[in-house]
Each structure stands twice: as C-alpha cells, then as structure tokens.
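As a plain string of letters, each chain reads:
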Amino acid sequence: MELSYNSGLVALSIAVAILVSYTALGLAARVAESRGAAGHAWLILGACSMGVGIWSMHFLGMLALSLPIQLRYDVDMTLVSLGVAVLTSGFAIRIASSKQLGLARHLLCSGVMAFGIVGMHYLGMGAIEITPDITYALMPVVASVLIALAASYCALWLTFILRSTVHRYARIARLGAAIIMGCAIAGMHYMGMSAAMIAPGSICDGGLAIENGWLAVAVALAAFGMLTITLITSVFDSHMAARGRAYDESMARADRQLRHQATHDALTGLPNRSQFLQCLKYAIDRVNGGEQAMFAVLFLDLDRFKFVNDSLGHAAGDELLRQIAVCLTFELRTSADHSDPAYDVVSRFGGDEFLVLLNNVASPAEAKRIAEALLAALSSTYDLHGREVDCSASVGIVTSDHCCTLADEVVRNADVAMYEAKRAGRSCVIVFNECMHKEVSRHVLIETCLRRAIGTDELSVVYQPIVELSSGELVSAEALVRWQNPVLGCVSPAEFIPIAEESGLIVALDQWVRLEACRAMRGWRERYPKSAPKTVSVNVSRAELARNQVFRAEIKDLLEKMDLPAHCLQLEVTERDVMRNPEDALLLMQELRAMGVRLAMDDFGTGTSSLGILRTYPFDTIKIDRSFVQGLVGSADVLAVIHATINLVEHLGMASLVEGIEQEAQVSVLLSIGCRYGQGFLFSKPVPADRLVGSIKAKPERRKAEVRETAAMFESAT
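Residues numbered from 1 in each chain as written. Predicted model: local features only at pLDDT ≥ 70, side-chain atom pairs only at ≥ 80, totals over all residues. Heavy atoms only, no water.

## Structural notes on the overall build of the protein chain
This is how it is decided: Where helices and strands are cited, they refer to DSSP runs of H or I of at least four residues and of E of at least two residues respectively, numbered from the N terminus. For every residue, the accessible area (1.4 Å probe, protein chains only) is compared with the maximum for its type, and the residue is labelled buried under 20%, exposed over 50%, or partly exposed between those bounds. Residue contacts follow a heavy-atom distance rule, with two residues in contact if any of their heavy atoms lie within 4.5 Å. Residue exposure ignores everything except the shown protein chains as possible cover, and the areas themselves are Shrake-Rupley values with a 1.4 Å probe.
Within the protein chain one finds 23 helices and 22 strands. Within the protein chain, buried positions represent 48% of all 718 residues. Sequence separation of at least 24 residues holds for 74% of the intrachain contacts in the protein chain that already meet a minimum separation of 6. Taken as a whole, the protein chain presents about 34300 Å² of accessible surface, with 58% of it coming from carbon and sulfur.

Rendered as structure tokens:
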C-alpha cells in the first residue's frame, strides 16, 4: 500500500522536535547548575517534558501518515513507547549535565540514547492494530538507526557544550543547535516511517480508533503547552540563578577587596604590617621546622623623606613612596602568593618605612649584598610631578641566626640595626648583632623605669653655679636632672635623656624639672635675699618648643603658681632645636621674652651654629660650648675664635658665658678677652639646692693679678 503524509502535520512535528531540543538544552543547564533536591526535581521535570515532547513529535509523525483506512492503536503499547521516551530523555539530560564527557562515555551514552529513541519509534509503530502486520525494509531501518546514533551523539555534545554558555549570543547558538537536533530527530522518524511496508487490502481491527485531525491538534497543543511551561520555568529559574550568581560574585568580589584592603597598603598596594608579620611568622615556623635554611629581614627607612613632604607637598611624597615600592618589587623575587617560600615579600610598614623578607638566603653576607644592591637601585633620580628628587635609604638587617621566635622581635631587631645605620651616616647597611640586642634590652628597661620614676624620689635636681668671672659672685644656676634607680643604679643623663626624647617622656620630665627648679629659686630668694642667684636656668627640649602656645601658657602658669618674677627663669635652647621650625620658634621666643623670661642659647659653636641666629633671635645669653675651653690655653687658633665670638656677642648686647671651665688659667684668659660669665667644675660641681649658696670656690683677688698678666701676654701675642 502506498504511503503519503499530511504536510501540515509533518511541519508541526518538526516544530515540536525543534522546541523539544531547545528546551532540552536549557534543562541540561539547570540540572548541571542545581544541587540536591533542586537538581533531582529539574531532572524529573526535564525527563517528563522532553520525553513527552519527543513522543508527541513521533506520534504527530504517525498521525501525519495518510492511509485509505482508519488506523487503530493499542493503548498499552502506546503508553510503553511514551515511557521509553521519558526514560531515554532523563538519561540524556543526566549525561549532558555531568561534569565531564569523555569520548568513550560519549559514544556509549549516544548508543543507549539512540536505541532508546529507535525503540520508542518502532514500539509506537507496533502499536498500530493492522492486519497483516507491518513489515520493514532493511536498509531504511539501518539508516534510521544510524541517523539516531548520529543525532544522539550531536545532541549530547551540543547540550554539554552549550549548557553553561553565558555570552551575548548564547540564545542564538542554542536556537541553531535546537534546529539541527530537531531536524535530525525528525529525519530519523521519517526515515523509519519510510521503511514501513503495509500490504494492499490491510484492515485495522481492535484497538482504539481516533480521528487524526483532532488528535493531532490535541497532542500538538499539549506538547507545546508542556514544553512552553517547562521552558518558561527554566528561563525564569535560570534568570534567578544568574542574579544569584551575580550577587554571590559581587559579594565575593567585595570580600576579596576587603581582604586586600585589610592586608595591603592603600597607597602602594604592597602588603601592610599585619600581612608582613603573618608571612614572617610562616618563615620562622619553616626555619624552626627545618623546612627552610635561613631568612633575613631588611628594614628600610628613607633618608630625608620629611624634606620632600615639607618642600614639595604630601602628593609628591606619596608619589615617591609609590615609585620606591615599584622599584623594590622589581628588584626582588616577589609573588602574589606571599606565603610561597620561594619568593620574597616587600611591605610598606608605615610612613617612609619598608620591610623586606628575604626567603632562603644562604648567609648574612648574601642578605647584605642584596641590601646593598637595593640601595644602589633606590639611589636614583625620581620624577615627582616634574620635579627631580634624589633618594637614599638606611637599611638594618637581621637574619634567622639570632633565634627569634616572635615576628615582632625580629622586626624590632631590624629596626635597631636600621637606626645604627642612621647613626653611621645614613645611606648604608648595618647587620644586627647581639651587642645591639643588649642595648635594645637596656633601652626598653630604661624607658620602663623612667616612666615610673617621673614624679618620685628616684629623680632629683642638682644645680651647677654660673658665676661672674670678674667678681666670682653667684649669678645663676643651671638645673640638671639626676636619676638613681634601684635596679639600674645611677643612670647618666647622657643615656636616659635621649631615650626620654624618643619615647615622648621628655615633656613630663621637663615639666617636673621646671617645677623643682622654680621651687628651689623661690626658696633661695626667701632664705638668701642678698646672695641668692638672680636666675635659675632650665633646659628646653625640642618637644617642648613644638608645643608652642601650650608651652608658653605652662610657663606663665608656673611663674604665677610659684610667685616668681619672670626674669628669675632662664630657658636654654640649642640652635639645632630652634632650626627645626624657625618661624614658630622665633614667635614663641619673642612672646616669652615679652613676658620677661630670659633666654639663653646652649652649646653655641657646635654643629652648624651660625652667627646670623644671634641677630635674629632675642637671646640674653650665649653659652659657648666646653669643647673650645680645652684648647683655650696654648692654642692661638682657639683663642682667636673664642675672642671673636665673645666680642661679637657682647657688642650685640648679649652676655657671653663659657662652659666647662676647670682651670684658673682658663678664667684668666677669658677675662682678658672680655668674657662675662663662666660655669664649670673649677667653681663647683652640681650640688643640691640647699648647698648651692656658698658652694663657689672663688678667688677674685688672686685672679685680678693673673688677669693683668694674661692680658699683657694676649696683647703682645696679637
């Protein structure tokens, strides 16, 4: 019997096949992305939807067959073919949603899927109740099986490839793949239909007779409806999942940014202090566990960085720090994974300080060689917004040989070595040693004990007389602090004063010394109204000068509290401290001078003392440093310098005072060149307040004769 087809139903069946294929691509993606119960639910829904769709396409294809007799169908066999379609679809979706699809797995699954589709088709054909039975031509059957295999192979591959595609052309790619898959499925069906041979005069008996037109419409609508609902649900769920993924990605990105900000310096992008210390702890553990031979820590501090900030501005300073960070990173073996022991770690520790962790160095000598190479690389010219600036650094090194178990201790030792490099002249490298460790330990102990000592009887103030050289009379006294600690013993001011300045304790210490000095001055004025010194002289630190108006207010309150005239207090400053902020210092000194407080320049003649400061600042007294006194007798050069200095000071209306006098001959020379005041062990060592008056060993009568003789010698020599 010759077979013919309804072209409308054929087109409808192909459309169903394409829709099934497109839906299958989306369902595979949902199953692959879902986990747990959601994944199982999508698998079941997809199997039912795809299975019903494929079965509907095949059923529509059979309904498209036009015969002169009305076909009848075995309901049970028809339902079995539907079940085979659902199971085959579920199997296909599960395989396509797996993580990997190897060639062997791909081929095996393609065979199972193809035979499932072929089985569904021929079961559906077998459901037709016709006598005699339908026979099949061999070659078309083989061709239909081969088409099913090829279609299954391509369908699995396309579904696997396109399931996670998220680019802008993903929907177009899936539509194209669905058209290919749908045409392949339809081609397999109609190839199988062409293999059917129905004998002339065949009749249909038994089974269920259904009118083809209405059944085709019903099946098509049901299939389209189910597939459309499934597709819409899949698209909506995919959209929600995409939004969820976008939210998760944004949260993950924000988390990464927060972690990066918490562990990296915002200006340079280098690891910060906490991240470096963590890396250093790992290195310490590796060395202690025998996994690493040695490490070294380099502490770099830029020289004169404050000058760049003050002269060019903080923006230029920031740019310099960024360029320094780039230079250090380029010169060393760095990695984004800071815990990798094969690489070094560069960190900005704060301000103009950088730390470098050198992993797996062979020896301290190698660490020093690397540090010197870094110094050479850093000592180049930097372009800061059109201004060229030279830069150098001081470097301290500590290696794991020093058996430190705490990261903070390692960094502290490297810091100590760096300050030794600063003291050694800057722009050099110093390796930490145990002697430095002892110094650090004592430094910490002194700072701790001094913090507790201020305001207690551990500290005391002694006073060294300042006398008028011509008469030997007491005119003033310099207040000097002394410290007797029960643990440390007698600690020299030369040792604890710098520590007080570094730790910030100097302000509290200065305040206490001033209070004691003013209290002593009030006592002298009350007990010795005629022989008491006219002033008490107190040293002022750079930290006090920096406090400016607060410091001035404290001086005023102290004088009022002690009921002392302002001229009874003399404040001593050094040129070095004044020049740190010359304008503010000048304004402060003018205000103090206007109050009546006397001012003295200490240590004149040392460092970079300039004569210009004598004309600018309102000093009452200039104290010439003791270093000149040692060569005063017997050295014409020293004598000429001191003579010129004293002459200039006196002509500018200020009083000259020489420190460190220990010999009568020195007094005679100083008197002969016009020096007004002197201070030194010749007159008295520093004594307690109650022993100051009457402590001077003056010999004015004998001194007058010596002065006349020395003056005659000086005139003949000049």
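## Examining the sheet that holds strand E12 (residues 393–399)
Picture the strands of a sheet paired through backbone hydrogen bonds; they go either parallel or antiparallel. How we decide: For two strands to be treated as a pair, DSSP must find at least two bridges joining them. As a rule, the C-alpha atoms of each element are fitted with a line to give its axis, helices using only the stretch in contact, and angles between N-to-C directions run from 0 to 180 degrees.
Spatial strand order, E8-E9-E7-E12-E13: 5 strands in an open sheet with mixed pairing. Two strands close off the open sheet at either side, each with one partner strand: strand E8 (345–350) and strand E13 (429–431). Recorded for the sheet is a direction-independent mean angle of 20° between the axes of neighbouring strands. One ladder, built from 5 bridges, connects E8 with strand E9 (residues 353–359); its direction is antiparallel.

## Overview of the side chain of Thr645
Along the chain, Thr645 falls in helix H21 (residues 636–651). Apart from the residues within four sequence positions on either side, Thr645 is in contact with Phe604 and Ile624.

## Topic: the packing of helix H8 (residues 273–288) against helix H12 (residues 407–423)
Packed helix pairs are characterised by how far apart their axes lie and by the angle those axes make with each other. Applicable threshold: Small angles under 35 degrees read as roughly parallel and large ones over 145 as roughly antiparallel, with 65 to 115 read as roughly perpendicular and the rest as oblique. Ten residue types, Ala, Val, Leu, Ile, Met, Phe, Trp, Tyr, Cys and Pro, are classed as nonpolar, four, Asp, Glu, Lys and Arg, as charged, and the remainder, Gly among them, as polar.
Interhelical geometry of H8 versus H12 gives an angle of 105° and a closest axis separation of 9 Å. The orientation of H8 relative to H12 falls into the category roughly perpendicular. Where H8 abuts H12, its residues Arg273, Phe276, Leu277, Leu280, Lys281 and Ile284 lie against Ala407, Asp408, Val410 and Val411. Among the residues making up the contact of H8 with H12, the classes are represented as 7 nonpolar, no polar and 3 charged.

## With respect to the confidence of the model for the protein chain
Under the convention used in this document: For every residue, the predictor states its confidence as a pLDDT score lying anywhere from 0 to 100.
Averaged over all residues, the pLDDT of the protein chain is 81; the fraction at 70 or higher stands at 78%. Confidence, read as mean pLDDT per element, is least for helix H23 (residues 700–717) in the protein chain (49) and greatest for strand E17 (residues 535–539) (96). Taken as a whole, residues 702–707 scores under 50 in pLDDT and shows 13 contacts with residues more than four places along the chain or in a different chain.

## A closer look at the pairing of strand E18 (residues 569–574)
Counting buried residues in E18 gives 6 out of 6 residues, a clear majority hidden from the surface. Of the two faces of E18, the one lined by Leu569, Leu571 and Val573 and the one lined by Gln570, Glu572 and Thr574 are each fully buried. Pairing analysis gives 5 bridges linking E18 to strand E19 (residues 598–604), with the strands arranged parallel. Across the sheet, residue Thr574 finds its bridge partner in E19, namely Asp602.

## Re the pairing of E12
Counting buried residues along E12, 7 of its 7 residues qualify, which places the element largely inside the surrounding structure. Alternating residues of E12 divide into Ala393, Val395, Ile397 and Thr399 and Ser394, Gly396 and Val398, and every residue in both groups is buried. Bridge analysis of strand E7 (residues 295–302) against E12 gives 7 bridges, and the strand direction is antiparallel. Considered in E12, the bridge of Phe299 is made with Gly396. Note: E12 against E13, 3 bridges, orientation parallel. Bridged to Val395 within E13 is Val429.

## Side note on the packing of aromatic side chains
The criterion, for reference: To pair, rings of Phe, Tyr and Trp, with the six-membered ring standing in for Trp, must have centres within 6.5 Å; the planes then decide the type, stacked if under 30 degrees apart, edge-to-face if over 60, and tilted in the middle. Lysine and arginine charges are scored as sitting over a ring when NZ or CZ, respectively, is within 6 Å of the ring centre and within 35 degrees of the ring normal.
This structure, assessed with the given rule, holds 4 aromatic pairs. Considering the side-chain rings of Trp483 and Phe496, the 5.5 Å spacing of their centres and the 90° angle between planes classify their relative orientation as edge-to-face. Residue Trp483 is found in strand E15 (residues 474–485), and its partner Phe496 is found in helix H14 (residues 493–503); the two are separated by 13 residues along the sequence. Residue Trp483 is classed as buried on the basis of its relative accessible area of 1%. Classification of Phe496 as buried rests on a relative accessible area of 0%. Above the ring of Phe307, the side-chain terminus of Arg304 is found at 4.6 Å from the ring centroid. In this structure, Lys685 packs its charged tip against the face of Phe681, placed 5.7 Å from the ring centre.

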